Amino acid sequence: LYSQLMSHSRLYTIRDPIYGFKTLDELEKEIIDHSCFQRLRRIQQLGLSSMFYQGTTHTRFENSLGAMHLSTLMFDKIKNDPKYDEMLKKRGYHKEGLERNRHILRLAALLHDIGHPPFSHGAEELMPYDKKIKKRLKHENYSAYIIKNILKNTIERNEYNNQNFNVKADEIASFIEFDPNFISNDYFLKE
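Residues numbered from 1 in each chain as written. Predicted model: local features only at pLDDT ≥ 70, side-chain atom pairs only at ≥ 80, totals over all residues. Heavy atoms only, no water.

Draft legend 1. Quick peek at the pattern of salt bridges. Counted under the stated rule, the structure contains 9 salt bridges. With a closest N to O distance of 2.7 Å, lysine 29 and aspartate 33 form a salt bridge. Separated by 4 residues within a single helix, lysine 29 and aspartate 33 lie in helix H2 (residues 26-33), roughly one turn from each other. Residues arginine 100 and glutamate 171 are paired through a salt bridge, measuring 2.8 Å at the closest nitrogen-oxygen approach. Taken as a pair, arginine 100 in helix H6 (residues 95-111) and glutamate 171 in helix H10 (residues 169-176) lie far apart in primary sequence, 71 residues in all. The buried category is assigned to glutamate 171, whose relative accessible area is 16%. (Salt bridge = Lys/Arg side-chain N within 4 Å of Asp/Glu carboxyl O. Helix = DSSP H or I, 4+ residues; strand = E, 2+ residues; numbered from the N terminus. Buried < 20%, exposed > 50% of the residue type's maximum accessible area, 1.4 Å probe, protein only.)

Listed below in structure tokens is the structure:
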């Protein structure tokens, strides 16, 4: 059904050791192939814990792919559940709007960790203090920056995205930073 809704789409399949085969669209594949995303292969999910627990060697790369997959399963479960039909209709959702939200959610889940420093959360204490927000920056701030600046052209010039969803880099970054100005306008994404 997903591939039938998309115009000019090529879908790609990757194999995941936990979830089996996952499908990616052209934009997701382009983002995964980008050097900013590929660096996640070298960042351990659990920081330095693999020094003590040799089995904890999974990376932010696998975590990001898994987050995209699981968020999609949750979204589809709600979207396809008949008990939510009436609520979604009352809030003005239609098929195209839900597919666009699905796409934003997938991209945000895929990119949520892209700003992680080496050693994962263990290095966040070394991130600079921001006087404007009066706290130390977190990886989400860096993720948003990378999306809005480094990946902006990849996202916004992608033909597949432009023909189907027209999602902007700022929308994805706003979702990751949980910007109330963006989130509050969309009940489904907010929930």
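Draft legend 2. Region of interest: the nonpolar core. Ranked by size, the top nonpolar core spans 36 residues in total, and within it Ile31, Phe37, Leu111, Ile147, Ile155 and Ile172 carry the most contacts. Put simply, the parts of the chain that give this core at least two residues each are H2, helix H3 (35-38), helix H4 (60-80), H6, helix H7 (139-150) and H10. For isoleucine 155, the residues in contact, after removing those within four places along its chain, are Leu27, Ile31, Leu111, Ile147, Asn161, Val167, Lys168, Ala169 and Ile172. (Core = buried A, V, L, I, M, F, W, Y, C linked by side-chain atoms within 4.5 Å. Contact = heavy atoms within 4.5 Å.)

Draft legend 3. Layout of the environment of phenylalanine 178. Mapped onto the secondary structure, phenylalanine 178 falls in the loop between H10 and helix H11 (180-183). Along the sequence, phenylalanine 178 and glutamate 140 sit 38 residues apart, while their C-alpha atoms lie 9.5 Å from each other.

Any functional reading would require information beyond the geometric quantities listed.
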